[in-house]
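# Coordinates in review
Below, each chain spelled out in residue letters.
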Amino acid sequence: MQSYSEECLEVFLKKQSQLFDEPVAGTIAEAEAFLEDCMAVIVDSIREVRDYMDESGMDVQDMTDDELREASEVFELPDGKYLIVEG
């Protein structure tokens, strides 16, 4: 099971509207439960974001790194890692 830092959970709470029309979590505990339920992953680099999405069947071959960072399911974390949430 993935472990989510408080910083990661706060980023998701603050930016969840980039992926969802309505809030899916209102507290840190709700955010953690939601991310666990949808098996969100944290990766270390934009290269790993590309690899993850490619393995998930998304066509990311022609996407730039900036386009990947702007994808609605990708949340850039302050520590340089990325949270990927499949909505």
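Rules of the game
- Residues numbered from 1 in each chain as written.
- Predicted model: local features only at pLDDT ≥ 70, side-chain atom pairs only at ≥ 80, totals over all residues.
- Heavy atoms only, no water.
- Helix = DSSP H or I, 4+ residues; strand = E, 2+ residues; numbered from the N terminus.
- Rg over C-alpha atoms; globule rule 2.2 N^0.38 Å.
- Patch = residues over 30% accessible without salt bridge, like charges linked within 9 Å, V, L, I, M, F, W, Y side chains within 5 Å.
- Areas by Shrake-Rupley, 256 points an atom, 1.4 Å probe, with all protein chains shown as cover.
- Salt bridge = Lys/Arg side-chain N within 4 Å of Asp/Glu carboxyl O.
- Lys, Arg positive; Asp, Glu negative; His and termini not counted.
- Charge placed at Lys NZ, Arg CZ, Asp CG, Glu CD.
- Buried < 20%, exposed > 50% of the residue type's maximum accessible area, 1.4 Å probe, protein only.

With that settled, the discussion passes to the overall build of the chain. Scanning the chain for helices and strands turns up four helices and three strands. In the chain, the succession of helices and strands from N to C terminus is α-α-β-α-α-β-β. Against the globule reference of 12 Å for 87 residues, the chain gives a C-alpha radius of gyration of 12 Å, in line with a compact fold. Across its three principal axes, the chain shows a C-alpha extent of roughly 35 × 25 × 20 Å.

Time to look at a negative patch on the surface. A contiguous patch of negative charge, built from Asp-54, Glu-55, Asp-59, Asp-62, Glu-67 and Glu-70, is present on the exposed surface. Tracing the backbone through its elements, the reader meets Glu-70 in the loop between helix H4 (65-69) and strand E2 (74-76).

This part is about the pattern of salt bridges. Following the criterion strictly, the structure yields four salt bridges and no others. Its salt-bridge partner being Asp-65, residue Arg-50 comes within 2.8 Å of it at the nearest N-O pair. Here Arg-50, found in helix H3 (residues 46-55), pairs with Asp-65, found in helix H4; they are 15 residues apart in sequence, far enough to count as distant. Judged by its relative accessible area of 14%, Arg-50 falls in the buried class. For Asp-66, the salt bridge is made with Arg-69, and the minimal N-O distance between the two is 3.1 Å. One end of the pair, Asp-66, and the other, Arg-69, are both in helix H4, three residues apart, so they sit about a helical turn from each other. Judged by its relative accessible area of 29%, Arg-69 is partly exposed.

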